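Observations on the three-dimensional arrangement
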Amino acid sequence: MPTIITPKPMSGFPELLPAEQIVFNRCLDTVRRTFELFGFAPLETPAVERKEVLTSKGGNEKEIYALSRLAARPDEDASTEYALHFDLTVPLARYVAQHKEKLVFPFRRYQIQKVWRGERPQAGRYRELYQCDIDVIGRGSVSLLADAEMPVVIYHVFTAMGVGPFVVRLSNRRLIQGFFESLGLSPEQITAALHAVDDLEKIGVDKVRALLVDKAGLSPDSAARALAFIASSEHMGTEALLGHLASLNLNERFNQGVAELCSVVQNMRSLGMPDNAFKVDLSIVRGLDYYTGTVYETRLLEHPDLGSVCSGGRYDDLASYFTTEKLPGVGISIGLSRLVLRLLEAGVLKPNAATPTQVLVTTLDPSRLREYLGIAASLRAHGLPTEVYLEQARIGDQLKYASRKGIRFAVIAGETEFAQGQVKVKDLSSGFEHVLQPDQLPAWVKEQR
RNA sequence: GUGCCUUUAGCUCAAUGGCAGAGCGCCUGACUGUGGCUCAGGAGGUUGUGGGUUCGAGACCCAUAAGGCACCCCA
């Protein structure tokens, strides 16, 4: 008796049943199709990078999975110089720096791949997950119009995916930096203050106030003014808010941030972004210091606990670790695994079939196999995913098979039908049966939808 | 890496320290050319693992593993 290895789930490495996987893949398709609709080109980089590439940004090495061989001779090292990528931005930076003479700029690419993170899994945090990124990267500069495109792409993705109501919240780091500058803060203080503001939603106003005073060194008065400034975006409409910001005229940096924000909002609207799908929110700063201008976060209104399901922003220099050439850009990223798995749990996205098969050709009479296979071939030739029931079983079991898998149509043909040169097709969702000429079958099935 | 909680049938969960159960799912039949619905029946368990206390442990104690949650982190 061989030793049985008990199969068990691996925490943080999600896997799905077919019905759910179909939903997930449909979402992947939607993302891909929409990215291409906006002219982003596909890119896939290896699952691994050299360790030195991955740690170039001073990343958290604890959370990087390194690649090693399971066994090595005593005199050799089983470890390799490779490690699994933990996001798609670092690989992109390496890729663009490496291939920049062959790429056409502005470089618009999308990338949909798994990434791996060595963190302790918890709700909505996985160790293996899909990221879907788009970026527009320039040599020297990139139009601010690209900043306006990002939320519009996301709007199209989420709308097509059917995730329910959502809002892309956006702000501008230059603006908020300018504001803190006007309070007399040093660059270091500003960085600390931005990190504090980033935590606003998570830890609440009072704790952020304390952070601003203790960590960023603001006076209680300045902290109060900062929080009031940020809160001002909460209840103001977009127009009123932008007008208000423009009237403040705090300093050059602030004014530039305001002007950028106004331009982005205006161009988003021209691109068809409806007002209820976005909101200017000054509490959005992103924790990452490499964002320099526009920043985005997206949340689902009916699932606020999910946090941001899609975020990004503008950066001055993508690949400073890999080239001296300045490559600014703007990008946004969807954490698809967290999003889709959660929406499946919540019932927002519903699986409805465990197979792509739309028509099952039953094999009522094994001696008619040639006819059955022919019917299937004809359905497939018309683009209808079709399966033939291959085992020997009673018709009841064959229909049960179709029913359990969520196959909608069953073709049933036996002595009676063949005698008339016809076939019967049954709609399992309604129980309705229809008898017709075999050559009419594909068209009939297509009509039913 | 730290803390808290959990672990009983495929799944969700019951069971005063005293016969291990239910619902759902699965299988069979009612139904030899018709799935779902209904009805009848059936299979399925070393109660995560190892030790201890006890006449007796699924329950109490210790250890351990796995899972969940929070912290940390989130490029």
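Residues numbered from 1 in each chain as written. Chains lettered and ligands numbered in written order. Predicted model: local features only at pLDDT ≥ 70, side-chain atom pairs only at ≥ 80, totals over all residues. Heavy atoms only, no water.

**A closer look at empty space enclosed by the protein**
- Tallied over the entire structure, the rule returns one cavity of 30 Å³ or more.
- When its volume is computed, the largest cavity comes out at roughly 30 Å³.
- Taken together, Ser56, Lys57, Val90, Ala93, Leu318, Tyr321 and Phe322 form the lining of the largest cavity.
- Broken down by class, the residue content of the lining of the largest cavity amounts to five nonpolar, one polar and one charged. (1 Å grid on protein atoms, 1.4 Å probe; cavity = no way out; pocket = protein on both sides within 12 Å on 5 of 7 lines; lining within 4 Å. Points joined across faces, edges and corners; volume = space filled by probe spheres on them. Nonpolar A, V, L, I, M, F, W, Y, C, P; charged D, E, K, R; others polar.)

**Digging into the domain arrangement of chain A**
- As assigned here, chain A comprises domain 1 (18-346) and domain 2 (359-447).
- Just the C-alpha atoms count here: the centres of domain 1 and domain 2 sit 50 Å apart. (Domains from an automatic or database assignment.)

**Thoughts on the protein's contact with RNA strand B**
- What surrounds RNA strand B is a group of 36 residues, the closest being Ser11, Leu288, Lys424, Lys426 and Leu428.
- Protein-adjacent atoms of RNA strand B, using a 4 Å cutoff, are sugar or phosphate at a proportion of 49%.
- A distance of 3.4 Å separates a phosphate oxygen of RNA strand B from a polar atom in the side chain of Arg394.
- Here Glu415 contributes a backbone N or O atom positioned 3.3 Å from a base oxygen of RNA strand B.
- Going through the elements one at a time, helix 14 (395-405), helix 15 (415-419) and strand 15 (423-427) are the ones with two or more residues in the surface near RNA strand B.
- Of the residues forming the surface near RNA strand B, the biggest block, six residues, is contributed by helix 14.
- For the surface near RNA strand B, the residue count by class is nine nonpolar, ten polar and 17 charged. (Near = heavy atom within 4 Å. Polar contact = N/O pair within 3.5 Å; in protein donor to acceptor, adjacent residues only side chain to side chain. Helix = DSSP H or I, 4+ residues; strand = E, 2+ residues; numbered from the N terminus.)

**Comments concerning the packing of helix 5 (residues 173-182) against helix 6 (residues 187-198)**
- Two elements in contact, helix 5 and helix 6, have axes separated by 10 Å at closest approach and are oriented at 120 degrees. In terms of their interaxial angle, helix 5 and helix 6 are classed as oblique. For the pair helix 5 and helix 6, the crossing hand works out as right-handed. Seen from helix 5, the contacting residues are Arg173, Ile176, Gln177, Phe180 and Glu181; seen from helix 6, they are Ile190, Ala193, Leu194 and Val197. (Axes fitted to C-alpha atoms, helices over the stretch in contact; angles between N-to-C directions. Parallel < 35°, antiparallel > 145°, perpendicular 65-115°, else oblique. Left-handed = near helix turned anticlockwise from the far one by under 90°. Contact = heavy atoms within 4.5 Å.)

**As for unusual backbone geometry**
- Going from Phe105 to Pro106, the amide bond is cis rather than trans, its omega being -5 degrees.
- In this fold, Pro106 is placed in the loop between helix 3 (89-99) and strand 5 (107-116).
- With phi around 50 degrees, Asn249 is a residue other than glycine that occupies positive phi space.
- Here Asn249 shows up in the loop between helix 10 (238-248) and helix 11 (252-270).

**Some details on helix 5**
- Along helix 5, eight of the ten residues are buried, which leaves the element largely enclosed by surrounding structure.
- Listing the buried residues of helix 5 in full gives Arg173, Arg174, Leu175, Ile176, Gln177, Gly178, Phe179 and Phe180.
- Residues of helix 5 that are buried in the fold lie against strand 7 (166-172), helix 6, helix 9 (220-235), helix 10, helix 11 and strand 9 (291-300).
- Sitting at the amino-terminal end of helix 5 is Asn172, which places a side-chain oxygen 2.8 Å from the backbone nitrogen of Arg174.
- Phi for Gly184, located one or two positions after helix 5, is positive at around 85 degrees. (Buried < 20%, exposed > 50% of the residue type's maximum accessible area, 1.4 Å probe, protein only.)

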